[in-house]
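Each chain, written out:
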Amino acid sequence: MCNGKVKMAKTYGAAIKDPKVPKITIQNSDMPEEMLEQAIEVSYQGLKKHNLDVDVAQYIKTTFDEKFDPVWMCVVGKNFGVYVTHQANYFAHFYIGQKAVVIFKGL
């Protein structure tokens, strides 16, 4: 659980230029809006490029390490539990369709 602001009222993924984008649902986030948008875009790209969840997670993590400095962690899938400690303002949990993505910057 995150003690930051939960963002749920906005439509996310607007920058993705694909009419087949599944519904995006933000479960919890304390990331700045711009970073959250990038997390959604990078995650969508990863889901399109890779078939295995572990490869999608690696793609997201590597991209965020390059864009926002290490050390990022990422979990992708349909059925998992996660409880993490993270840096403030660096956590997001969202769904793209039925795939959940958790991305956070470790301590």
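A quick note: this is a predicted structure, and the numbers were derived from the prediction, not measured.

Quick look at the pattern of salt bridges
- Going through the model one piece at a time under the given rule, you end up with two salt bridges.
- The shortest N-O distance in the salt bridge between Lys 99 and Asp 53 comes to 2.3 Å. Taken together, the positions of Lys 99 in strand β4 (residues 99-105) and Asp 53 in helix α2 (residues 53-68) put the pair 46 residues apart, joining distant regions of the chain.
- A residue is classified by how much of its surface remains accessible, and Asp 53, at 24% relative accessible area, is partly exposed.
- In this structure, Asp 65 and Lys 61 form a salt bridge, with 2.4 Å as the shortest nitrogen-oxygen distance.

Here we look at the packing of aromatic side chains
- With the rule as written, the count across this model stands at four aromatic pairs.
- Ring plane angle 50° and centroid distance 4.9 Å describe the contact between Phe 64 and Phe 68, whose orientation is recorded as tilted. In this pair, Phe 64 and Phe 68 are both assigned in helix α2, four residues apart and thus about one turn of the helix distant.
- Accessibility expressed as a relative area gives 0% for Phe 64, which makes it buried.
- Site record: aromatic cluster; members linked through ring pairs are Phe 64, Phe 68, Trp 72 and Tyr 90.
- Taking NZ or CZ as reference, Lys 105 lies 5.2 Å from the ring centre of Tyr 90, over its face.

Quick word on the sheet that holds β4
- Ordered in space as β1-β3-β4-β2, the four strands form an open sheet in which the pairing is antiparallel. Both edges of this open sheet fall to β1 (24-29) and β2 (72-77), since each of them pairs with a single strand only. Pairwise comparison of adjacent strand axes, ignoring direction, gives a mean angle of 15° for this sheet.
- Contacting β1, β2, β3 (91-96) and β4, helix α1 (residues 33-49) crosses the sheet at an angle of about 45° to β3.

Here we look at the nonpolar core
- In terms of nonpolar packing, the biggest core is built from 24 residues, with Met 31, Leu 36, Ile 40, Ile 60, Phe 64, Phe 94 and Ile 103 touching the most fellow members.
- Within the residue set of this core, elements represented by two or more residues are β1, α1, α2, β2, β3 and β4.
- Here this core takes six residues from α1, the largest share from any one element.

Remarks on unusual backbone geometry
- At the junction of Pro 70 and Val 71, the peptide bond is cis and its omega measures out at 10° in the coordinates.
- Its place among the elements puts Val 71 in the loop between α2 and β2.
- In this structure, Asp 69 takes a positive phi of about 70° despite not being glycine.
- In this structure, Asp 69 sits in the loop between α2 and β2.

Side note on α2
- Taking 1.5 Å per residue, 16 residues should reach 22 Å; α2 reaches 22 Å between its end C-alpha atoms and fits that length.
- Of the surrounding secondary structure, the elements contacted by the buried residues of α2 are α1, β2 and β4.
- Directly after α2, the chain includes Asp 69, whose backbone phi takes a positive value near 70°.

Rules behind the numbers
Residues numbered from 1 in each chain as written. Predicted model: local features only at pLDDT ≥ 70, side-chain atom pairs only at ≥ 80, totals over all residues. Heavy atoms only, no water. Salt bridge = Lys/Arg side-chain N within 4 Å of Asp/Glu carboxyl O. Helix = DSSP H or I, 4+ residues; strand = E, 2+ residues; numbered from the N terminus. Buried < 20%, exposed > 50% of the residue type's maximum accessible area, 1.4 Å probe, protein only. Phe/Tyr/Trp six-rings, centres within 6.5 Å; stacked < 30°, edge-to-face > 60°. Lys NZ or Arg CZ within 6 Å of the ring centre and 35° of its normal. Pairing = 2+ DSSP bridges. Axes fitted to C-alpha atoms, helices over the stretch in contact; angles between N-to-C directions. Contact = heavy atoms within 4.5 Å. Core = buried A, V, L, I, M, F, W, Y, C linked by side-chain atoms within 4.5 Å. Expected span 1.5 Å × (residues − 1).

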